[in-house]
Amino acid sequence: MKIFIARLAGTPVFDPAGDQIGRLRDVVVAVSGSAPPPVHGLVVEVQPRRRVFVPITRVLSIESGSIVFSGRINMRRFEQRASESMVIAEMLDLAVEAGGERMTVLDLAMEKTRTSEWLITKVALVKGGSGLGLRRRGANLIVDWGEVSGFSAVQKDQGAAGLLAAFESGRAADLASALHTLSDKRRAEVAAALDDVRLAEVLEELPEDDQIGILSRLEPERAADVLEEMDPDDAADLLQDLPAEQAEALMALMEPEEAAPVRRLLIYPENTAGGIMTSEPIILPPNSTVAEALAHIRHQDHIPAVATQVYVSRPPVETPTGRFLGLVHFQRLLREPPATLLGTVMDDSLDPIRPDLTLKQVTSYLATYDLVAVPVVDEAGRLVGAVTVDDVLDHLLPGDWREDEDNGGGTEHDD
């Protein structure tokens, strides 16, 4: 049975007891000449964001919805050998030749032989060279591995449509994890193929060095467009890590209304409530109804922590607002009739915090009152933002927490 690998991206991986231990992120093969490459194993991502190697000899079954392996898994972080290739990360989107025509790789299929060895036997292709701007629905051609040449060539512009298709339905954090493992060249190719919104989402999930590396490779105008699509607090954090001149040049290219909240956040010191807060919580005037508040909460752009409560203030209701009046928790909104005015059900007993509160003080405040978010108010009583629990976690964790640099580092995998 032929199994197309790109379709397996993100498939849950289970141990013999039926417990899920992670998700498939790639397949490791050894390409050498025209012979079908043997499959060495699977790269599986386990929590917290660690990629480990599962030898193909331990795989019991591979189906569209699950992969089951036998034995124990080696939890050492996977390190690719020089003789190996990664199917999803490196081989999709390559420009190759088949039947005298230039083609682009959309997918590769592996198959188990009579001797129980797994080999890459088929290649799904689409006509045209690499760098295809759009995902093509279905392959124009599926051929044997031996009919294709060009896999070993180093290509200047590989494109990324196939790789992105493999992660199309996944979370931004999954694609960010995949980008983190790529070479600088391949990472730049993938970033170039993403639209501004998706790239902004992915940047927010990447380590600082990766963020800077990707942003620096973009044309300044596009870098500014991507910053506009990021949450203002994430954009401010990234700009703080750039040289001052570069940061200022990028903000000058941003639309003034998009740059304004970022500039406001940059005036606050790092590791203070003002420095870590989001400047775009849900804010409504007191004469808004419960139905209107619930409609705002349903908006898909709001992360769960932001959507847990609505802040009530005098107009204007964009930060910095008029005088802060109180807040309404999501659970309270669910219990009230839709026509109820927020001013009659808001909670004004919770004291907001000031922008100069330290990270430690903010953490203690959230823990003391069992909150997932807290309003931030300036000395004039205006709502300037809100600190959410995910903001706090991002700043409490080590700066390299996304990189999974564990004790002892990585080693090459065992066969």
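Overview of the structure. Bear in mind that the values here come from a model prediction, so they are computed numbers and not experimental data.

1. Structural notes on the pattern of salt bridges
In total, this model carries 15 salt bridges according to the counting rule given. For Lys122, the salt bridge goes to Asp144, with nearest N and O atoms at 2.3 Å. Note that Lys122 is positioned in strand 11 (residues 118-127) and Asp144 in strand 12 (residues 141-144), a separation of 22 residues in sequence. Note that Lys185 is salt-bridged to Glu189, the shortest N-O span being 2.7 Å. Separated by four residues within a single helix, Lys185 and Glu189 lie in helix 4 (residues 184-193), roughly one turn from each other. Members of the salt-bridge network, linked through shared partners, are Arg25, Glu45, Arg51 and Asp174.

2. Here's the deal with unusual backbone geometry
Glycine aside, negative phi is the norm for most residues, and most peptide bonds take the trans geometry. Residues Pro315 and Pro316 are joined by a peptide bond in cis, for which omega reads 0°. Mapping Pro316 onto the fold places it in the loop between strand 15 (309-313) and strand 16 (324-329). In this structure, Asp93 is a non-glycine residue whose phi angle is positive, near 75°. When you line up the elements, Asp93 lands in the loop between helix 1 (87-91) and strand 9 (95-98). Classification of Asp93 by relative accessible area gives buried; the value is 3%.

3. Brief notes about empty space enclosed by the protein
Counted according to the given criterion, the structure contains one cavity of 30 Å³ or more. Empty space within the largest cavity amounts to approximately 40 Å³. The wall of the largest cavity is formed by Arg25, Asp26, Arg51, Ile88, Ala89, Leu163, Phe167, Ala178, Thr181 and Leu182. Mapped by element, the contributors of at least two residues to the lining of the largest cavity are strand 3 (20-29) and helix 1. Here the lining of the largest cavity is built from residues that sort into six nonpolar, one polar and three charged.

Quick notes on the rules
Counting from 1, residues in each chain are numbered in the order their sequence is written. Per-residue local features are limited, in this predicted model, to residues with pLDDT of at least 70; the limit for side-chain atom pairs, both in listing and counting, is 80 or more; totals at the level of whole chains, interfaces and linings are taken over all residues. Only hydrogens and water are removed before side-chain values are computed, so all heavy atoms of the structure are retained for them. Any carboxyl oxygen of Asp or Glu that lies within 4 Å of a side-chain nitrogen of Lys or Arg is treated as forming a salt bridge with it. Each helix is a run of DSSP H or I of at least 4 residues and each strand a run of E of at least 2, with the numbering of both proceeding from the N terminus. Residue burial is assigned from relative accessible area. The probe radius is 1.4 Å, only protein chains are included, and a residue is buried under 20% of its type maximum, exposed over 50%, and partly exposed in between. Put simply, the grid is 1 Å and covers the protein atoms alone, a cavity is a trapped set of points that fit a 1.4 Å probe, a pocket is an open set with protein on both sides within 12 Å along at least five of seven lines, and lining residues have an atom within 4 Å of a point. Grid points are joined across faces, edges and corners, and a volume is the space filled by probe spheres set on the points. Residues were grouped as follows: Ala, Val, Leu, Ile, Met, Phe, Trp, Tyr, Cys and Pro as nonpolar; Asp, Glu, Lys and Arg as charged; and all remaining residues, including Gly, as polar.

Honestly, it's all geometry; don't read function into it.
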